[in-house]
Amino acid sequence: MSLYDDAVLVLKAYEGQTELRDVYLEHLAAHPDGVYKPCQAGHVTASALVIDPSRGRVLLTLHRKLGMWLQMGGHCEPGDATLAEAALREAREESGIESGLALLPGGPVRLDRHPIPAPCNWHLDVQYAALAPAEAVAAISGESLDLRWFAYEEVAAVADESVVRLVEATRARL
């Protein structure tokens, strides 16, 4: 099965945000290359909120290009077999947590469609949550200006509404 096929199956099985899910599916139906960055009409991305429920905190990255506190995530790559694998790969790369991260069961937690600068138009982000082991040690990557753990109640003061909604949805699933 291709990454494209996996994305379609994951989105068809996703039961929340019906209208937005349908936008994603329509995009993929019109763009067979819609899971990869070169698709200028927009492309699917995969992200994961790294969460440590035992300490009531999430790990956010200060994105180098955007200057915003965000969950880990980014573009799908040709070696990614599934959206879940892409999200977990991004979480490992950007958090520096090499082992012990595990996606929260149940598939994506949320979807978030946001505009990006030309030449592309949209990121169609499929958002997962990754549980961090209690002993996890984060290390900043070249894609970040900073990397920091935030208590749940601190997120709204540093991150935008999409991250706040992702934290809320993740906590509800826990």
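Residues numbered from 1 in each chain as written. Predicted model: local features only at pLDDT ≥ 70, side-chain atom pairs only at ≥ 80, totals over all residues. Heavy atoms only, no water.

> I would appreciate a short explanation of the overall build of the chain in the present structure.
From N to C terminus, the chain includes five helices and eight strands. Scaling as 2.2 N^0.38, a compact globule of 174 residues should have a C-alpha radius of gyration of about 16 Å, and the chain matches this with 15 Å. For the chain, the C-alpha atoms occupy an extent of roughly 45 × 30 × 30 Å along the three principal directions. Burial status across the chain gives 48% buried among its 174 residues. Within the chain, counting contacts between residues at least 6 apart in sequence, those at least 24 apart form 66% of the total. Carbon and sulfur atoms provide 54% of the accessible area of the chain, an area that totals close to 8300 Å². (Helix = DSSP H or I, 4+ residues; strand = E, 2+ residues; numbered from the N terminus. Rg over C-alpha atoms; globule rule 2.2 N^0.38 Å. Buried < 20%, exposed > 50% of the residue type's maximum accessible area, 1.4 Å probe, protein only. Contact = heavy atoms within 4.5 Å. Areas by Shrake-Rupley, 256 points an atom, 1.4 Å probe, with all protein chains shown as cover.)

> Which parts of the structure should I look at to understand the pairing of strand 6 (residues 110-115)?
Along any regular strand, the residues point their side chains to alternate faces of the sheet. Both strand 6 and strand 7 (residues 122-131) contribute to a ladder of six bridges, which runs antiparallel. Counted as the bridge partner of arginine 110 is glutamine 127 from strand 7. What sits between strand 6 and strand 7 in their antiparallel hairpin is a turn of six residues. (Pairing = 2+ DSSP bridges.)

> Looking at this model, I keep getting lost on the packing of aromatic side chains. Mind explaining?
Two measures describe an aromatic ring pair: the distance that separates the ring centres and the angle between the ring planes. Under the definition given, this model contains one aromatic pair. Arginine 57 extends its terminal NZ or CZ atom over the ring of tryptophan 149, reaching a point 4.0 Å from the ring centre. Over the aromatic face of tryptophan 122 sits the side chain of arginine 113, whose NZ or CZ is 3.6 Å from the ring centroid. (Phe/Tyr/Trp six-rings, centres within 6.5 Å; stacked < 30°, edge-to-face > 60°. Lys NZ or Arg CZ within 6 Å of the ring centre and 35° of its normal.)

> Would you explain the pairing of strand 2 (residues 57-63) in this entry?
Along strand 2, six of the seven residues are buried, which leaves the element largely enclosed by surrounding structure. In terms of strand pairing, strand 1 (residues 43-52) meets strand 2 through three bridges, oriented antiparallel. Looking at strand 2, one finds that aspartate 52 is bridged to arginine 57. Linking strand 1 to strand 2, which pair antiparallel, is a turn of four residues; within it glycine 56 sits at a positive phi near 65°. Bridge count between strand 2 and strand 8 (residues 144-151): seven bridges; the pairing is antiparallel. In the sheet register, histidine 63 faces strand 8, and the bridge partner there is serine 144. Across two bridges, strand 2 lies against strand 3 (residues 69-70) in antiparallel orientation.

> I keep staring at the nonpolar core and nothing clicks. Help me out?
Core analysis: the biggest nonpolar cluster contains 32 residues, and Val50, Leu83, Leu101 and Val126 have the highest contact counts within it. With 18 residues, the next largest nonpolar core counts Leu49, Leu60, Val163 and Leu166 among its residues. (Core = buried A, V, L, I, M, F, W, Y, C linked by side-chain atoms within 4.5 Å.)

> Please explain the packing of helix 1 (residues 3-13) against helix 2 (residues 18-30) as it appears in this structure.
Each packed pair of helices is defined by two parameters, the angle between the axes and the distance between the axes. For the pair helix 1 and helix 2, the least separation of the axes is 10 Å and the interaxial angle reads 155°. As judged from the angle between their axes, helix 1 and helix 2 are roughly antiparallel. For the crossing formed where helix 1 meets helix 2, the hand is left-handed. Here Tyr4, Ala7, Val8, Leu11 and Lys12 of helix 1 lie close against helix 2, whose contacting residues are Arg21, Tyr24, Leu25, Leu28 and Ala29. Partitioning the contact of helix 1 with helix 2 into residue classes produces eight nonpolar, no polar and two charged. (Axes fitted to C-alpha atoms, helices over the stretch in contact; angles between N-to-C directions. Parallel < 35°, antiparallel > 145°, perpendicular 65-115°, else oblique. Left-handed = near helix turned anticlockwise from the far one by under 90°. Nonpolar A, V, L, I, M, F, W, Y, C, P; charged D, E, K, R; others polar.)

> What am I meant to see in unusual backbone geometry here?
For residues that are not glycine, phi is negative in most cases, and the peptide bond is trans in most cases. Phi is positive for glutamine 17, which is not a glycine, with a value near 45°. Along the chain, glutamine 17 falls in the loop between helix 1 and helix 2.

> Would you explain the environment of arginine 55 in this entry?
Summarising the element assignment, arginine 55 is placed in the loop between strand 1 and strand 2. A residue is classified by how much of its surface remains accessible, and arginine 55, at 48% relative accessible area, is partly exposed. In this structure the C-alpha to C-alpha distance between arginine 55 and alanine 151, which are 96 residues apart in sequence, comes to 8.0 Å. At a separation of 3.4 Å, a polar atom in the side chain of arginine 55 contacts the main-chain carbonyl oxygen of alanine 134. (Polar contact = N/O pair within 3.5 Å; in protein donor to acceptor, adjacent residues only side chain to side chain.)

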